[in-house]
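# Structural overview
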Amino acid sequence: MTSDAAADDAFGDAHRRLQDLRAILERVIVGQEEVVGHLITALFASGHVLIEGLPGLGKTHLAKALAAALGLQWARVQCTPDLMPADVTGAEIYVTAAGGASTFAFRPGPVFAQLVLVDEINRATPRTQSALLEAMQESQVTHAGVSHRLPSPFCVLATQNPIELEGTYPLPEAQLDRFMFKLTVPFPTRDALHRMLDVSLDSEPSDTLQPIAGPEDVLRIAQLCRTVLVAARCKDAAVDLIVATQPDPGGASADPRRHIRYGASPRALQALVRAARVRAVMAGRAHVDVDDIAAVALPVLRHRVLLRLESELDGIDADGALGSVIEGWRARL
Amino acid sequence: MNDATVSTALVSVRRHLWREDALLAMRRAGWICAAATLFAVVVHLLARPVPVAALLVVLVLIFVAMLAWAAAHRPSDPDCAWWIDRHLGGASAFTTWLDATTRRPTAENARAVAWMQRWAVAKVPEVLRSLAGPRPTVRVAPSMLSMIVCALLALLVLMLPQEAASPLRQNSAGVAQPPGDKAATAVDAPVVAQVASEIAGALRSSDSPREPDRGRPGAAPGPGTTANDDGSGSPDAPSTSGGAGNDGTSRDQPSASRDPTTPTGPSPSAAGSVAGREAGDSPDTRGDVGTARVPGGTNPARGVGSRSMPTAIDRQADMARQADFDDSIARPGRPMTNAMPTAAAATPPPAADTAGLSPSETSYVQAWMKATGPGR
């Protein structure tokens, strides 16, 4: 098999599968095309996603549909203040074997699923959050001195509610950095609401979804995405974008960087390029374009920059400040 | 095959960018040349003459320099590839292709390189079509038009006779002249004094006919003013020698007629002063006929007609009072002084105003001469 044919097989197949997956999810999750695209990107880039949105916008439904379409094992953790780390990671329990011998055996928690939906993660205590985030970072759980590998692929979809913040434990910045994307689920349009009634009034369409791929396909496509070419000029552009988010308190009044107190981390740069590679494959390319970087810039950066208090009091949010930064960055390309 | 196809696109884009650079250089050269020609015009008019040949050489040099810059500014392959990626929908394929050609593909990314090359090759026809299609280009016409207009204007101005531009240069030089340096204006002072003296003589001799070459025919006294033409205590003398002696302020300035360069022969002004001496004993500076007229202007015929002091009529001397003249002030060789007259003489309106009298003022002078002539 020649290299061209192999490329046809690999990238062409990956492109087709990603397009199919996107089409299926967009049929089920009506009016959230951008969120669906970012979710697929994060999954194939081996990242985790923090989804923020009001109740009833279909966050849980989205996770279920994604797991069903890809044939992934999924679990749900509903976070509450009394949720303990062992409730998430698992615990050793005393079991008695059939022969009468008793011993402690590790019983995996819900984190040992390929797709974990952590609902309202900011209601869990920091201790539980830390246990979960350690699993996200290391892809393993250590219990009683024994490390247990998490399944692969492994993706955490954590949700949080932007309202009802009383009694919650907001994620610290260091833990927010573990999420590749932070997605905001917008309110659907009027037309999308109409279509939603046609699709999901009496049934959960995600329950009837047939998988179009399996976990192996996910791993294979994710591996293929790691071979996507990134030109030196595109790397420079990504670095420029990260540098552009660094604070500049003495900047001109028109400079959006003056609103930023802490900029994006090098981990953000890695997430940026990894996500851009998946976007390239979704677009049928084996090379990253600057537009791929721009497309994932906002979900990668919005939870990684910290604004100055004065700017927040002025009503400026991360999306507003980063939007100006990205616009200026693209103009300089 | 793949490399050749992509290279074709790069070559086409390089040619396009080169042409754009040349047009940009021409546009810049046009604006610079327009500015240079305007600058040359200003210099020619205000400072010094600018040869047309020198201006043309400068314009040619500007054009040659800009075009040489454009020719030397050859777009590189990465620049061309990046331009395709950003402007022709290359989606960074051509930049990546250039990167891939400089390094050997590894086993991991061999499939990606192959896919990318196929993608770039498939994109080449679209790139070439976009390049051949209508694209926004550098607009050269405004700058070229401006340059042509400015060049024509400059040629017109630079080819004018030198006499046309010299007054502007003199004016600009006068602006730059220090206040104490009045050499240029002093050159005209004898002429002014001479003309003033002629006017004074005409006024004094009431029988003399109106001279047609005077600036103001109405300034000459009419025939009715001939009663005292003997010169003794004649009111004509004060009228010609400037009534500035009335107040002795602004008009008692050193006269250009006292300048050594001034002709010292028997002039009408001197005669007027002598006549004034016979009329009184007070110092009389009215023989300083050119005093108020010297700074007036460069045209002698009009300078004597200056009417810069409209309040002089209001400050008419008391005609009932006897004038007191000092003839020594008009004596040649005597140092010039600004001595104030001890007493205000009954004098007619100043000669400076008389020389440039309005009809009402002329009629006033004539009436005064009629009224005072027989009694004296």
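A brief report on the enclosed structure follows.

About the thresholds
Residues numbered from 1 in each chain as written. Chains lettered and ligands numbered in written order. Predicted model: local features only at pLDDT ≥ 70, side-chain atom pairs only at ≥ 80, totals over all residues. Helix = DSSP H or I, 4+ residues; strand = E, 2+ residues; numbered from the N terminus. Buried ≥ 20, exposed ≤ 12 C-beta atoms within 10 Å, placed from the backbone. Expected span 1.5 Å × (residues − 1). Core = buried A, V, L, I, M, F, W, Y, C linked by C-beta atoms within 7 Å. Contact = placed C-beta atoms within 7 Å. Nonpolar A, V, L, I, M, F, W, Y, C, P; charged D, E, K, R; others polar. Pairing = 2+ DSSP bridges. Axes fitted to C-alpha atoms, helices over the stretch in contact; angles between N-to-C directions. Parallel < 35°, antiparallel > 145°, perpendicular 65-115°, else oblique. Left-handed = near helix turned anticlockwise from the far one by under 90°.

## Focus on the overall build of chain B
Counting its secondary structure elements, chain B contains 14 helices and zero strands. Along chain B, helices and strands appear, N-terminal first, in the series α-α-α-α-α-α-α-α-α-α-α-α-α-α. Within chain B, buried positions represent 38% of all 376 residues.

## Here we look at the overall build of chain A
When helices and strands are tallied, chain A shows 13 helices and 11 strands. Looking at chain A as a whole, 46% of its 333 residues qualify as buried.

## Digging into helix α5 (residues 110-132) of chain B
Taking 1.5 Å per residue as the helical rise, α5(B) with its 23 residues ought to reach 33 Å, and the 33 Å between its terminal C-alpha atoms agrees with that figure. Among all positions of α5(B), only R111(B), A112(B), V113(B), A114(B), W115(B), M116(B), Q117(B), W119(B), A120(B), K123(B), V124(B) and V127(B) are buried.

## Examining the nonpolar core
Residues L66(A), L272(A), I293(A) and M116(B) are the most contacted members of the largest nonpolar core, which totals 131 residues. It is helix α10 (residues 266-282) of chain A that provides the largest number of residues to this core, a total of 10 residues. Each residue touching M116(B), except ones within four places of it in the same chain, is listed here: L229(A), A286(A), H287(A), A93(B), T96(B), W97(B) and A100(B). The next biggest cluster of nonpolar side chains, apart from the first, holds 17 residues, and it includes L59(B), M66(B), A70(B) and L158(B).

## Observations concerning the interface of chain A and chain B
At the junction of the two partners, chain A supplies 21 residues and chain B supplies 20 residues. For the side of chain A that touches chain B, the element with the most residues is helix α1 (residues 3-28) of chain A, which contributes six residues. Of the residues that constitute the side of chain A that touches chain B, the class distribution is 13 nonpolar, three polar and five charged.

## Digging into the sheet that holds strand β1 (residues 49-52) of chain A
Residues and elements named next belong to chain A. Sheet architecture is open: five strands sit in the order β2-β5-β8-β1-β9, paired in parallel fashion. With one partner strand each, in any of the chains shown, β2 (74-78) and β9 (181-184) form the two edges of the open sheet. Taking the axes of each pair of neighbouring strands and ignoring which way they run, one obtains an average angle of 20° across the sheet. Pairing geometry for β1 and strand β8 (residues 155-160), over four bridges, is parallel. Looking across to β8, one finds that V49 is bridged to L157. Sheet strands touched by helix α3 (residues 59-70): β1, β2, β5 (115-119) and β8. Its angle to β5, the strand with the most contacts, is close to 175°.

## Focus: the packing of helix α9 (residues 232-244) of chain A against α10(A)
Residues and elements named next belong to chain A. Interaxial distance between α9 and α10 falls to 10 Å at its minimum, and their mutual angle equals 140°. Considering the angle they form, α9 stands oblique to α10. With respect to the hand of their crossing, α9 and α10 are arranged in right-handed fashion. Where α9 abuts α10, its residues A238, V239 and I242 lie against A268, L269, L272 and V273. Taken together, the residues of the contact of α9 with α10 break down into seven nonpolar, no polar and no charged.

## Quick look at the pairing of strand β7 (residues 146-149) of chain A
Residues and elements named next belong to chain A. As paired elements, strand β6 (residues 140-143) and β7 share four bridges and run antiparallel to each other. If you follow H143 over to β7, its bridge partner there is V146. Between β6 and the antiparallel strand that follows it, β7, lie two residues; A144 among them carries a positive phi value of about 55°.

## Considerations on unusual backbone geometry
With omega at 0°, the peptide bond leading from S152(A) into P153(A) counts as cis. Relative to the elements of secondary structure, P153(A) occurs in the loop between β7 and β8. Located in the positive-phi region is S46(A), a residue other than glycine, with phi close to 60°. Topologically, S46(A) is positioned in the loop between α2 (33-44) and β1. Located in the positive-phi region is S92(B), a residue other than glycine, with phi close to 65°.

## Description of the packing of α9(A) against helix α13 (residues 318-332) of chain A
Helix-helix packing: each pair is described by the crossing angle between the helix axes and the interaxial distance. All names here are of chain A. At a minimum axis separation of 10 Å, α9 and α13 run at an interaxial angle of 140°. Of the two elements, α9 crosses α13, and the hand of that crossing is right-handed. Contact residues: α9 offers D240, L241 and A244, while α13 offers V325, G328 and W329. Across the contact of α9 with α13, the residue classes tally to four nonpolar, one polar and one charged.

Functional significance is not addressed by these values, which are geometric in nature.
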